[in-house]
Amino acid sequence: QSQVAPGAGTGLMIKRATVRILEPLQTVRRVLPILWASARSLAIVTSVLLMLEIFFGLAVLFLIKRLIDALTANLAADGLIGGLEPVMVAVALTAGATLALLITRAVSGLAREAQGMRVADYVDRLIHNRAIAADLAFYESPLYFDTLQRARQSGNQRPAQVISNLLMMSKNIVMLGGVIVLLASISWMLLPVLLVAIVPALLVRLHFTRILYEWRKRRTQLERRAGYFDMLLTSDFSAKELRLNQLGPAFRDFYSDIRQTIRGEQFGINRRRALVEAIVGSVTTLVFFSALAYLAFQTAAGRTTVGDLVLFLLILQRAQSMGQELVGQVSRLFEDHLYINQLFDFLEVQPQITSPELPQALLEQKGVEVLMEGVSFTYPGCRELVLEDISLRISPGQIVALVGSNGSGKTSLIKLLCRLYDPTVGKVLVDGRDAREFNLEEYRSLFSVVFQDFGRYLSTVRDNIRFGDLNCPPGSSAIEEAARQAGAEEFIKLLPANYDTFLGRSFDGGVELSVGQWQKIALARAFLRPSRIAVLDEPTSAIDPNAEFELFENFRERIGGRSALLISHRLSTIRLADYIYVLDGGRIAEAGRHEELMERGGLYHQAFSRQGKYYREDRNGFAVPD
Ligand code: ADP
């Protein structure tokens, strides 16, 4: 049992509460540099305009008091003692100040809007830069990927909102200070009235804002789950299964159940808030009218002026609305704090796979030798070894095949080869140097890779191929040559606008291709790239046997002197290779030429003799039913 002095607990609680209330102010510290970097001159302009707004706002209040005082002085004197002039001057001055206030407010709003747009674009750029720089590991780990999703969710408007909110907040604080001084000029006794009019309402609002903030923080997981079902119900990629398995109504109900829970909880908090606010409002009103009664009595007795009475009414009404605004602004700051932290979490992600400070130059010669030496690999945040003690060699111009069952680590090996990840143990060597010694982009330009989940860009055929090498001009014949090499030329010629046909059905006029046709486009993209090693991860899985035969018929010619690393389950493709590595559970189980491996009678032999039991190969090397 812990013994705590009775007072200590409360002290700690108060301290913790203040820390929580002050927490959002850290947001300010992080946002200001963004403001400064994105729109320096606009930041200065908005600040100056804001000060003018404050000045004119207070001036109007003060001038109204002066006007009424001038009027009542005349009335008391039973005639116009000073003539009409002072009154008219006072009216003119008040009108002038009001006009000036209106104009500054309009211009100031415009400036803030312009600033907001600039900040939003700047933040987009920050996010995009970070998204490009982040490691692949970032995208392959749900934990990190969530950070990006949340950062996007918070929107590019948030930082601008924080700034705008902050400016308005400081304006209100200064105005409130000014109003207090004005009020004190009538009577010091009125200050407590102002305090009662504003402070309790402020505290109540703050309290509930914090409760709502904490609640929302706890509820993000649930909201994301709801969002997930919403996405499943409305997206194209789940549309097929949703219909065939009749998942729609179930997902819709999951979604509405979650929403109902969330709504119920939120309404509960709002109901309590409404109740407390009503009580506080009643007390405030009571105090206000008591003060008014006191002031009316004083005015009737001639101890204060009518101007003072009007000023008091004006000020209290103004102060109340300002107080309310202030509370709204503080609660918004809390909310922004919640979102903007997610943005900053993402902006702080640092890539681990980087270029060294003094990179080695890659040799200019056409072919390179790639070696993997004792490479073992574990995905970040995971424990199992995916690859263990891998050593392999790809000599210049050589075609190497990787064979192995699903999950044996073939794709992971490719990712290591192109430095999408770095090995946990061991090295990848190019021309005898560790891959980590080269400039990252230069190193990656050694490879053209077709992954199983290759890109399908919603753009023209030409762009889809050209994205393999952006240095290639759009009109270049190299694009058509690459399409020819990939066996894509024939179907491209049948498309409505040939190479300028827009692909994918997401945009108007787009044409959807079959999986095999997309795969050929991806191959063309790989062929266009002036790389030295072609890496193809099951490049023909969706291509019919005839087309595959054509592709590999003169494969060596097609890859034009590059070396190649092929992953395939098809015997015809594998037989083409100069050397074959058989992966099993992340280790190299066997290696050699096709004939050697068949003779050896190991895994490789097993895999293909099992096929042989039901299939024999036709003269082109394809497995056909017996
Ligand atoms: P293959 O290409 O031979 O089918 P992979 O290289 O894709 O095999 O996968 C090998 C193993 O690595 C599998 O057990 C898989 O679960 C694991 N794995 C693949 N990608 C990731 C990842 N991004 N994070 C964690 N584990 C992964």
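A brief report on the enclosed structure follows.

Rules behind the numbers
Residues numbered from 1 in each chain as written. Predicted model: local features only at pLDDT ≥ 70, side-chain atom pairs only at ≥ 80, totals over all residues. Heavy atoms only, no water. Helix = DSSP H or I, 4+ residues; strand = E, 2+ residues; numbered from the N terminus. Rg over C-alpha atoms; globule rule 2.2 N^0.38 Å. Buried < 20%, exposed > 50% of the residue type's maximum accessible area, 1.4 Å probe, protein only. Contact = heavy atoms within 4.5 Å. Patch = residues over 30% accessible without salt bridge, like charges linked within 9 Å, V, L, I, M, F, W, Y side chains within 5 Å. Areas by Shrake-Rupley, 256 points an atom, 1.4 Å probe, with all protein chains shown as cover. Salt bridge = Lys/Arg side-chain N within 4 Å of Asp/Glu carboxyl O. Pairing = 2+ DSSP bridges. Axes fitted to C-alpha atoms, helices over the stretch in contact; angles between N-to-C directions. Disulfide = S-S within 2.5 Å. Phe/Tyr/Trp six-rings, centres within 6.5 Å; stacked < 30°, edge-to-face > 60°. Lys, Arg positive; Asp, Glu negative; His and termini not counted. Charge placed at Lys NZ, Arg CZ, Asp CG, Glu CD. Near = heavy atom within 4 Å. Polar contact = N/O pair within 3.5 Å; in protein donor to acceptor, adjacent residues only side chain to side chain. Nonpolar A, V, L, I, M, F, W, Y, C, P; charged D, E, K, R; others polar. Expected span 1.5 Å × (residues − 1). Core = buried A, V, L, I, M, F, W, Y, C linked by side-chain atoms within 4.5 Å.

1. Focus: the overall build of the protein chain
Inference 1: Scanning the protein chain from terminus to terminus reveals 21 helices and twelve strands.
Inference 2: Its C-alpha atoms give the protein chain a radius of gyration of 37 Å, clearly above 25 Å, the size a compact globule of 626 residues would have.
Inference 3: With the principal axes as the frame, the protein chain shows a C-alpha extent of 125 × 70 × 55 Å.
Inference 4: Counting the 626 residues in the protein chain, one finds 43% classified as buried.
Inference 5: At a minimum sequence separation of 6, the contacts of the protein chain that also span at least 24 residues come to 72%.

2. Quick notes on a nonpolar patch on the surface
Inference 1: Side chains of Trp 36, Ile 44, Val 48, Met 51 and Leu 52 sit close together on the surface and give an oily, nonpolar patch of about 480 Å² of accessible area.
Inference 2: The biggest single contributor to the nonpolar patch is helix H2 (residues 40-76), with four residues.
Inference 3: With respect to the helices and strands, Val 48 occurs in helix H2.
Inference 4: Since its relative accessible area comes to 42%, Val 48 is described here as partly exposed.

3. Remarks on the sheet that holds strand S10 (residues 587-592)
Inference 1: Taking strand neighbours across the sheet as the criterion, the six strands line up as S6-S7-S8-S3-S9-S10 in an open arrangement whose pairing is mixed. Single-partner strands in this sheet number two, and they are strand S6 (447-450) and S10. Ignoring strand direction, the axes of neighbouring strands in this sheet form an average angle of 15 degrees.
Inference 2: Across five bridges, strand S7 (residues 533-537) lies against strand S8 (residues 563-567) in parallel orientation. Residue pairing across strands places Leu 536 opposite Leu 566, the latter belonging to S8.
Inference 3: Relative to the sheet, helix H11 (residues 410-417) contacts strand S3 (399-403), S6, S7, S8 and strand S9 (579-584), its axis offset from that of S8 by approximately 150 degrees.

4. Some remarks on the state of the cysteines
Inference 1: Using the criterion set out here, one finds zero disulfides in the structure.
Inference 2: Free cysteine Cys 418: the closest other cysteine sulfur is in Cys 382, separated by 19 Å.
Inference 3: Taking relative accessible area as the criterion, Cys 418 reaches 5% and is therefore assigned buried.

5. Describing the packing of aromatic side chains
Inference 1: On inspection of all chains with the given rule, the structure shows 15 aromatic pairs.
Inference 2: Ring geometry for Phe 55 and Phe 56: centres 5.4 Å apart, planes at 65 degrees, overall edge-to-face.
Inference 3: Residue classification places Phe 55 among the exposed residues on the basis of a relative accessible area of 54%.
Inference 4: On the numbers, 5.0 Å between centres and 90 degrees between planes, the contact of Tyr 457 with Phe 467 is edge-to-face. Here Tyr 457 is found in the loop between S6 and helix H13 (461-466), whereas its partner Phe 467 is found in the loop between H13 and helix H14 (477-485), with ten residues between them in sequence.

6. Description of a negative patch on the surface
Inference 1: On the surface, Glu 490, Asp 544, Glu 550 and Glu 553 cluster together to form a negatively charged patch.
Inference 2: Counting through the fold element by element, Asp 544 comes out in the loop between S7 and helix H17 (545-553).

7. Re the pattern of salt bridges
Inference 1: Throughout the structure, instances matching the rule amount to 16 salt bridges.
Inference 2: Between Glu 369 and Arg 393 there is a salt bridge, with its nearest N and O atoms 2.7 Å apart. Placement of the pair is Glu 369 in the loop between helix H10 (306-347) and strand S1 (370-377) and Arg 393 in strand S2 (residues 387-394), with a sequence separation of 24 residues.
Inference 3: For Glu 369, a relative accessible area of 25% puts it in the partly exposed group.
Inference 4: Look at Arg 393 and you get partly exposed, because its relative accessible area is 39%.
Inference 5: Across the pair Asp 578 and Arg 556 runs a salt bridge whose closest N-O atoms are separated by 2.9 Å. Of this pair, Asp 578 sits in the loop between helix H19 (571-575) and S9 while Arg 556 is found in helix H18 (residues 555-558), placing the two residues 22 residues apart along the sequence.
Inference 6: Salt bridges sharing common partners tie together Glu 481, Arg 484, Glu 489 and Lys 493.

8. Remarks on the site of the ligand
Inference 1: Near the ligand the following residues occur: Glu 140, Tyr 379, Cys 382, Val 386, Ser 405, Asn 406, Gly 407, Ser 408, Gly 409, Lys 410, Thr 411 and Ser 412.
Inference 2: Take Ser 408: an N or O atom from its main chain is 3.2 Å from an oxygen atom of the ligand.
Inference 3: The side chain of Thr 411 places a nitrogen or oxygen atom 2.6 Å from an oxygen atom of the ligand.
Inference 4: Taken by itself the ligand offers 560 Å² of open surface, and the protein chains cover 64% of this.
Inference 5: The dominant element in the shell around the ligand, judged by the number of residues it contributes, is H11, at three residues.
Inference 6: Of the residues belonging to the shell around the ligand, the class tally is three nonpolar, seven polar and two charged.

9. A look at helix H9 (residues 248-300)
Inference 1: With 53 residues, H9 should reach 78 Å at 1.5 Å per residue; the first-to-last C-alpha distance of 74 Å fits that figure.
Inference 2: Looking one or two residues beyond H9, the residue adopting positive phi is Gly 302, at roughly 80 degrees.

10. Some remarks on the nonpolar core
Grouped burial of nonpolar side chains is what soluble globular proteins tend to show.
Inference 1: In terms of nonpolar packing, the biggest core is built from 60 residues, with Leu 183, Phe 312, Ile 315, Leu 343 and Phe 346 touching the most fellow members.
Inference 2: Every element with two or more residues in this core is listed here: helix H1 (6-38), H2, helix H3 (85-133), helix H5 (142-153), helix H6 (158-186), helix H7 (191-234), H9 and H10.
Inference 3: For this core, the element with the most residues is H10, which contributes 17 residues.
Inference 4: Once residues within four sequence positions are removed from consideration, Phe 312 is found in contact with Leu 183, Ile 186, Leu 190, Val 193, Phe 288, Ala 291, Leu 292 and Leu 295.
Inference 5: In terms of nonpolar packing, the next biggest core, distinct from the first, is built from 45 residues, Ala 483, Trp 518, Leu 528 and Tyr 604 among them.

The values reported here are purely geometric and, on their own, carry no functional implication.
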